[in-house]
Amino acid sequence: MKQIIYIISGGNNYSSDDFYLKNIKKANINIACDSGIKIYKKMNFIPDYLIGDMDSAKTEDIEWAKKNKVKILKYPSEKDEIDTELALILANDLRIKDVVLSNVTGTRIDQTIASIYLIAKYDNLNAIIREEDIEIGIIKSKKTLKAIKGETWSIIQIGGKVEGISLVGFKYKLKDYNLDEYTPFGISNEAISDEVEIEVKTGNIAYIRTIGKKA
């Protein structure tokens, strides 16, 4: 049975309380990034770690964490890593190879883009970004993934051109297709099966799945 680390970052609350609680309970280790601690406090569930520079977490939420003996890892605000990367570094140190992140998307487009690049950087963690109606992951070789017929999927190259893209289970199929660094050819595809297959021979691609609906 695989072990899971669940990370709630300090971005916008994007999903329902039920969604957060389900993922919190499913995880073996829970990590709150900065103001992500407010979700754990609201759910009355004590995470294993609170990590970050604490520039956005409320004092009462930090005190709640201290009272409940959460392991707090505080970093200076002037640092090279954003808080989400600190959590991924911690996850890597804990040697658990399936990581789910929430609250890394929202109104901060810069933070969203950075988080997608981070899950590509730490691909050994099999990290995905998941909210109630969206999932973002990285493909560096070949993966078979669950899908719902009719929902929108997009494929975007990450970090340069990619070669040998193949898509199975989609309305618009590809076989050994090459993409340059900038052309957004893979936007707005559609799943036609309850399972899809994505393969790339050279390079990295991100998939963005709009769960259960058309974007």
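Description of the structure in this document.

About the thresholds
- Residues numbered from 1 in each chain as written.
- Predicted model: local features only at pLDDT ≥ 70, side-chain atom pairs only at ≥ 80, totals over all residues.
- Heavy atoms only, no water.
- Helix = DSSP H or I, 4+ residues; strand = E, 2+ residues; numbered from the N terminus.
- Contact = heavy atoms within 4.5 Å.
- Patch = residues over 30% accessible without salt bridge, like charges linked within 9 Å, V, L, I, M, F, W, Y side chains within 5 Å.
- Areas by Shrake-Rupley, 256 points an atom, 1.4 Å probe, with all protein chains shown as cover.
- Salt bridge = Lys/Arg side-chain N within 4 Å of Asp/Glu carboxyl O.
- Lys, Arg positive; Asp, Glu negative; His and termini not counted.
- Charge placed at Lys NZ, Arg CZ, Asp CG, Glu CD.
- Buried < 20%, exposed > 50% of the residue type's maximum accessible area, 1.4 Å probe, protein only.
- Phe/Tyr/Trp six-rings, centres within 6.5 Å; stacked < 30°, edge-to-face > 60°.
- Arc of directions from axis to C-beta.
- Pairing = 2+ DSSP bridges.

This paragraph deals with the side chain of Ser102. Mapping Ser102 onto the fold places it in strand β5 (residues 99–102). Apart from the residues within four sequence positions on either side, Ser102 is in contact with Tyr6, Ile7, Ile8, Ser9, Phe19, Tyr20, Arg130 and Glu131.

So, on to the side chain of Thr210. Within the element layout of this structure, Thr210 appears in strand β13 (residues 202–210). Not counting residues up to four positions away in its chain, the partners in contact with Thr210 are Asp133, Glu151, Thr152 and Ala215.

Moving on, we get to a positive patch on the surface. Residues Lys2, Lys22, Lys26 and Lys146 make up a contiguous surface patch of positive charge. Take Lys146: it is sitting in strand β8 (residues 142–146). The exposure class assigned to Lys146 is exposed, which follows from its relative accessible area of 72%.

How two aromatic rings sit relative to each other is set out by the distance from centre to centre and by the angle between their planes. By the definition in use, this model includes 4 aromatic pairs. The interplanar angle of 70 degrees and the centroid separation of 5.8 Å between the aromatic rings of Phe19 and Tyr20 together place this pair among those described as edge-to-face. In terms of burial, Phe19 and Tyr20 fall into one category: buried. Plain terms: the ring middles of Trp153 and Phe170 are 5.7 Å apart, the flat faces sit at 80 degrees to each other, and that makes the pair edge-to-face.

Right, let's talk about helix α1 (residues 17–26) for a bit. The complete set of buried residues in α1 reads Phe19, Tyr20, Asn23 and Ile24. Down the axis of α1, the buried side of the element spans an arc of 125 degrees, and every buried residue falls inside it. Residues of α1 that are exposed and angled more than 90 degrees away from the buried face: Asp18, Lys22 and Lys25. Buried positions along α1 lie against β1 (5–8), β2 (29–33), α2 (37–43), β5 and β6 (127–131).

Moving on, we come to the pairing of strand β12 (residues 195–199). Side chains Val196 and Ile198 of β12 all project onto a buried face; the interleaved residues Glu195, Glu197 and Glu199 project onto a face where none is buried. Two strands pair when backbone bridges link them, and β8 and β12 are joined in this way by 5 bridges, in the antiparallel orientation. By the bridge assignment, Lys146 is partnered in β12 with Glu195. Bridging between strand β9 (residues 152–168) and β12 involves 3 bridges; their strand directions are antiparallel. Bridged to Val168 within β12 is Glu197.

The values are spatial; any link to function lies outside them.
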